[in-house]
Amino acid sequence: MDCPRCGAHNETDVGSCLSCGAPVRQEEESQPTLAQKPAAQSSGKPGGGRLAAGAPPKQCPNCMTLNAATFKFCARCGTPLGATAPTRGPSTPAPASGKPAAPAKAPPQSPPKSAMVPPPMATKPPSAQRPAPPPPPKPVAGATRAPATPSAKPAAPARPRARVSAIARDGSRSADFVLVKDETKVGREVADGEVKLDKDPFIAPLHAVFKFDGQQLVVQDSGSQNGVFLWLKERKLNSGDELRIGRQRLRIEWMPEEPEQLSEQPLWGSPNPGYSARVVQLLEGGGEGDVFPLRTGDNMVGRGTGDVSFPQDGYVSSKHATITVGGGQIAVKDLGSANGTFVRINGQAALNAGDLLLVGEQILRVDPA
């Protein structure tokens, strides 16, 4: 049969031109399938000899039909015999009509993976900014979170340890100072939290210090000119000690030794009644006033009568105290006076509840907290 496209002559049992692959109309019975024997082999037609002789037959990759080795296109469906068979599903039966099925279009082949590599993305130049912090670590299964550290509790207020009360002239308390620190200053120019006595000109800017030696309260003189005086009932004195009695400031000392006689003739004077010590009155400004000799034994100190008397001082009791001299010692004893007898401390002195201090013109009483 001649091809209607190229005019080439083809056998009568082919469905497509063997030269150009164009379908050739055929009135005969449909082509056999792969499961049936080809009619050319059984009938002895020329096509069968061509298929059997020579080189091995070519199998169509589309319809699986065996073709002669010289065919370029499948005689049944026209598929080029050199093409690779496309991926197919289950084979479909040949159409009932004698027309060959139209050649199936080969599906577009995907490019190889190497050709599908996307173009490299433009990367930003590294910035000079601080690098981002690393992400937080992922929680580990079974791990428990550490308990938060409790915040420090605010410090409790300091516990009062003692109280110092300022006593007015009428006996009432004019001010209270609570001692909570290990050391508390006393003076005219100390901080507000200290024992500040800024109304008394006889008190130094820093006059004394209250401090605790363990549980014992101690008062220490800071070297002031007017000193710190402690109330007493009875006490031994050393030569040079000072007393405060009423408004009097007195120095107790031994009588000075007699000067050596420069002539053979003795000096005439009043007979010595046996004085061995004396009381020197200290005046405001530092001068010395009256001098009262003390003989061996008890010497009365009072306002109207006595061996040492101050009739013009209303703060001195009638019988205020006694000063005893004997055996190389001097002692003082208060006789229950209204305003008390005070002795100047040397350095520091221990205090007890109820003790009285005389600082300048201020009386301070030590009370429990």
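Quick caveat: nothing in here was measured; it's all calculated off a predicted structure.

A. Expanded view of the overall build of the protein chain. What the protein chain contains, in helices and strands, is two helices and 22 strands. Counting over 369 residues, the protein chain shows a buried share of 31%. In the protein chain, of all internal contacts separated by at least 6 residues, the share reaching a separation of at least 24 is 42%. Total accessible area on the protein chain is roughly 25,000 Å²; 54% of this is exposed by carbon and sulfur atoms.

B. The layout of surface pockets, seen in detail. The space that makes up the largest pocket amounts to roughly 1,100 Å³. Along its surface, the largest pocket is lined by 36 residues, and Arg244, Gly246, Arg247, Leu358 and Gly360 are the ones closest to its centre. Broken down by secondary-structure element, the contributors of at least two residues to the lining of the largest pocket are β9 (228–232), β11 (242–245), β12 (248–254), β13 (275–282), β21 (356–359) and β22 (362–367). Classifying every residue of the lining of the largest pocket by side-chain character gives 13 nonpolar, 12 polar and 11 charged.

C. Just the state of the cysteines, in detail. Enumeration over the complete set of coordinates arrives at zero disulfides. Distance from the sulfur of Cys60, which forms no disulfide, to the nearest cysteine sulfur (Cys77) is 3.4 Å. You can call Cys60 buried: its relative accessible area is 0%. In this structure Cys63 is a free cysteine whose sulfur lies 3.5 Å from that of Cys74, the closest cysteine sulfur available.

D. Looking closely at the pattern of salt bridges. For the structure on display, the rule yields 12 salt bridges. Linking Glu242 and Arg344 is a salt bridge whose minimum nitrogen-to-oxygen distance equals 3.5 Å. Taken together, the residues span a long stretch of sequence, with Glu242 in strand β11 and Arg344 in strand β19 (residues 341–344) at a distance of 102 residues. Both residues of the pair, Glu242 and Arg344, count as buried. Among the ionic pairs, Arg251 bridges to Glu288, the shortest N-O distance being 3.0 Å. Placement of the pair is Arg251 in strand β12 and Glu288 in strand β14 (residues 288–295), with a sequence separation of 37 residues.

E. Examining the pairing of β9 more closely. Most of β9 is tucked away, with four of its five residues classed as buried. The pairing of β9 with β21 spans three bridges and is antiparallel. By the bridge assignment, Phe229 is partnered in β21 with Leu358. Here β9 runs beside β19; their pairing, made up of four bridges, is antiparallel. Opposite Leu230, over in β19, you have Val343 as the bridge partner.

F. Geometry of the environment of Gly171. Residue placement: Gly171 occurs in the loop between β3 (162–167) and β4 (173–179). Taking the relative accessible area as the measure of exposure, Gly171 reaches 47% and is therefore partly exposed. Note: C-alpha distance between Gly171 and Ile363 (192 residues apart in sequence) is 9.7 Å.

G. Structural view of the pairing of β12. With five of its seven residues buried, β12 lies for the most part within the structure. Alignment of β11 against β12, held across four bridges, turns out to be antiparallel. Bridge pairing in β12 places Arg244 opposite Arg249. If you look at the hairpin formed by β11 and β12, you'll find two residues sitting between the two strands, and Gly246 has a positive phi there, around 60°. Note that β12 and β13 share five bridges and pair antiparallel.

H. Representation of the nonpolar core within the structure. If you look at the biggest cluster of nonpolar residues, it comprises 23 residues, and the most contacted ones within it are Leu179, Phe210, Leu217, Val219, Leu351 and Leu357. Those elements that provide at least two residues to this core are β3, β4, β7 (208–213), β8 (216–221), β9, β20 (348–351), β21 and β22. Once you skip the residues sitting within four places of it in the chain, Leu179 turns out to touch Pro160, Arg161, Ala162, Val164, Thr184, Val195, Phe210, Phe212 and Leu217. Ile245, Leu294, Val301 and Val316 belong to the second largest nonpolar core, which has 19 residues in total.

Definitions and cut-offs
- Residues numbered from 1 in each chain as written.
- Predicted model: local features only at pLDDT ≥ 70, side-chain atom pairs only at ≥ 80, totals over all residues.
- Heavy atoms only, no water.
- Helix = DSSP H or I, 4+ residues; strand = E, 2+ residues; numbered from the N terminus.
- Buried < 20%, exposed > 50% of the residue type's maximum accessible area, 1.4 Å probe, protein only.
- Contact = heavy atoms within 4.5 Å.
- Areas by Shrake-Rupley, 256 points an atom, 1.4 Å probe, with all protein chains shown as cover.
- 1 Å grid on protein atoms, 1.4 Å probe; cavity = no way out; pocket = protein on both sides within 12 Å on 5 of 7 lines; lining within 4 Å.
- Points joined across faces, edges and corners; volume = space filled by probe spheres on them.
- Nonpolar A, V, L, I, M, F, W, Y, C, P; charged D, E, K, R; others polar.
- Disulfide = S-S within 2.5 Å.
- Salt bridge = Lys/Arg side-chain N within 4 Å of Asp/Glu carboxyl O.
- Pairing = 2+ DSSP bridges.
- Core = buried A, V, L, I, M, F, W, Y, C linked by side-chain atoms within 4.5 Å.

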